[in-house]
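# Remarks on the overall topology
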Amino acid sequence: MELYRLTIHEMRSLLDSGEVTAEAVTRSIFERIRRLEPEVAAYITLLHESAMEQARYWDQRGYQDREAVLAGIPLAVKDVICTKGVRTTCGSRILADFIPPFDSTVAEKLKRAGCILLGKTNMDEFAMGSSNENSAFTSTRNPWSLDHIPGGSSGGSAAAVSADECIAAMGSDTGGSIRQPASHCGVVGLKPTYGRVSRYGLVAFASSFDQIGPITKDVTDAAILLNVIAGYDRRDSTSVPAKRPDYTQSLVEGLQGITVGIPRQYFVEGMDLEVDRSAREAIRILEHLGAKAVDVSLPHTEYGVAAYYIIAPCEASSNLARYDGVKYGYRSRDGKTLMEMYRKSRSQGFGPEVKRRIMLGTYALSAGYYDAYYKKASQVRTLIREDFLEVFKQCQVLVTPVAPTPAFALGEKVDDPLQMYLSDVFTLPASLAGIPGLAVPCGCSSYGLPIGLQILAPHFEEGLALRVGYNLEKNTDVHHRHPPLD
Ligand code: GLN
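An account of the accompanying structure is given in this report. (Residues numbered from 1 in each chain as written. Predicted model: local features only at pLDDT ≥ 70, side-chain atom pairs only at ≥ 80, totals over all residues. Heavy atoms only, no water.)

### A word on the packing of aromatic side chains
- Enumeration over the complete set of coordinates arrives at 17 aromatic pairs.
- Look at Tyr 323 and Tyr 328: their rings are 5.8 Å apart centre to centre, the planes differ by 50°, and that puts the pair in the tilted class.
- On the numbers, 6.0 Å between centres and 55° between planes, the contact of Tyr 363 with Tyr 373 is tilted. Here Tyr 363 is found in helix α11 (residues 352-365), whereas its partner Tyr 373 is found in helix α12 (residues 371-391), with 10 residues between them in sequence.
- Its relative accessible area of 32% is what places Tyr 373 among the partly exposed residues.
- Linked through ring pairs, Phe 98, Phe 126, Tyr 323, Tyr 328 and Phe 350 together constitute an aromatic cluster. (Phe/Tyr/Trp six-rings, centres within 6.5 Å; stacked < 30°, edge-to-face > 60°. Helix = DSSP H or I, 4+ residues; strand = E, 2+ residues; numbered from the N terminus. Buried < 20%, exposed > 50% of the residue type's maximum accessible area, 1.4 Å probe, protein only.)

Take a look at the structure:
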């Protein structure tokens, strides 16, 4: 058996029945990592020793504790999520040596559930980017084609899941950073409703958008991980005190009674024909399974990119002010005065995209411009949110492509930030509205690159998106394909 291929639920039942040990699975994953990492480069930090130790601990302790749903299961965590005693770089030189003295709520919950931490995955610096090329350390490659990007910013997590360099992973999504890399790497990614999962200990990029969520080999695993991480946390005032359902209960077969909205603004001229075809084929399958498809309209969609790329940089410029060489992070040694030290620490510590966002955000928030940019963009954000609230009166979920094209080539868009921003066109509106979004594989381009379907649901209705994704997965074979790495 190729142990590294296991999903969480498969491994759970094999551990519980004693057919495999956590040690054997973890070892097989590290062998895989050793073989593939020189090419895929999904990780920034690997925790070989402590992971093997935790695996042996769980094997010895046994798997009777039903509360520990992840006992003995090796996972990877994006390097933007604080892990106590384990370096957390955010893909940035400015945090290259940052070892958090505390666990994020998500890391704490994962540990409490018994998971084994394999390592921290690569990402665009401070989660700003769509290709992983903005990492200060290395560019992760797409396991399906090593000269293509894995997507971003959680590209390391998505590539690690797709290449079977972990059983599952955690990512974060501000404007698409879970859904887009999951789609480009042919795996499942879930951005929860804003407020569903605690942001405590998630290094802030744009606080009114950021959410942590799972990237997994199948929809069942996404439900299992959401169960572990969701819930109110008094340390995050934006987490919502809503009751957490058992998301695995949503995984029921059949889609009778479900109305699926197809927003016309997400099927537009100029988009990749294979993406268009795969999404439409997926919709036909959903209809075949009992869903009713209706055409709907989200009229303010076209303003999503502009609104997001004002608001997110504004929040970033404020959040990133704390990296001044004193409170956190890298300090330049060559400043003679305090101001010079600040300036040098920041200009040497941050990469070009992060600087661009800080400048954009600072400009947009400055006196005299606030009304024209930030305020206007916030008003547009409200309109986009209202579009969704309105459309969810006609349907329960929306189905769209995740991205307008499959993964692009490494280097193709690095010099053109605007083209990079435009590739987020289908994921940003849901982020502006705060609704949940699930990416599931739905096809493959003629070049062999995965194509993903985005399923959007109303606030706190992750279960609906999971149900639709689960049914699609059960009725397509894309989900069984593996990248050509062997
Ligand atoms: N690509 C988007 C950006 O660069 C979204 C990133 C994210 O979701 N973290 O901001």
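### Points about the sheet that holds strand β2 (residues 74-78)
- The strand order across the open sheet formed by 11 strands is β1-β3-β2-β4-β6-β5-β10-β11-β9-β7-β8, and the pairing between neighbours is mixed. Since the sheet does not close on itself, it has two edges, and those belong to β1 (43-46) and β8 (292-296), each with one partner. Averaged over all neighbouring strand pairs, the angle between strand axes comes to 30°, with direction disregarded.
- In terms of strand pairing, strand β5 (residues 188-191) meets strand β10 (residues 437-444) through three bridges, oriented antiparallel. Bridge assignment links Leu 190 to a residue of β10, and that residue is Leu 438.
- Set on the sheet, helix α2 (residues 22-40) makes contact with β1, β2 and β3 (116-121); between it and β3 the angle comes to about 20°. (Pairing = 2+ DSSP bridges. Axes fitted to C-alpha atoms, helices over the stretch in contact; angles between N-to-C directions. Contact = heavy atoms within 4.5 Å.)

### Describing the environment of Ser 208
- Relative to the helices and strands, Ser 208 resides in the loop between β5 and β6 (211-216).
- For the pair Ser 208 and Thr 382, spaced 174 residues apart in the sequence, the C-alpha separation amounts to 13 Å.
- A distance of 2.5 Å separates polar atoms of two side chains, one belonging to Ser 208 and the other to Glu 315.
- A distance of 2.8 Å separates polar atoms of two side chains, one belonging to Ser 208 and the other to Arg 381. (Polar contact = N/O pair within 3.5 Å; in protein donor to acceptor, adjacent residues only side chain to side chain.)

### Brief notes about the nonpolar core
- Core analysis: the biggest nonpolar cluster contains 154 residues, and Leu 70, Leu 110, Phe 126 and Phe 388 have the highest contact counts within it.
- The leading source of residues in this core is helix α7 (residues 219-229), at eight residues.
- Look past the residues within four positions of Phe 388 in its chain and what remains in contact with it is Tyr 266, Leu 298, Leu 398, Pro 429, Ala 430, Ala 433, Ile 435 and Leu 456. (Core = buried A, V, L, I, M, F, W, Y, C linked by side-chain atoms within 4.5 Å.)

### A look at the packing of helix α9 (residues 304-319) against α11
- At their nearest, the axes of α9 and α11 sit 7 Å apart, and the two run at 100° to each other. Considering their axes alone, α9 and α11 lie roughly perpendicular with respect to each other. Across the interface between the two elements, Tyr 309, Ile 310, Pro 313, Cys 314 and Ser 317 of α9 pack against Arg 357, Ile 358, Leu 360, Gly 361, Thr 362, Ala 364 and Leu 365 of α11.
- Partitioning the contact of α9 with α11 into residue classes produces eight nonpolar, three polar and one charged. (Parallel < 35°, antiparallel > 145°, perpendicular 65-115°, else oblique. Nonpolar A, V, L, I, M, F, W, Y, C, P; charged D, E, K, R; others polar.)

Interpretation note: all reported values are geometric properties and have no functional meaning in isolation.
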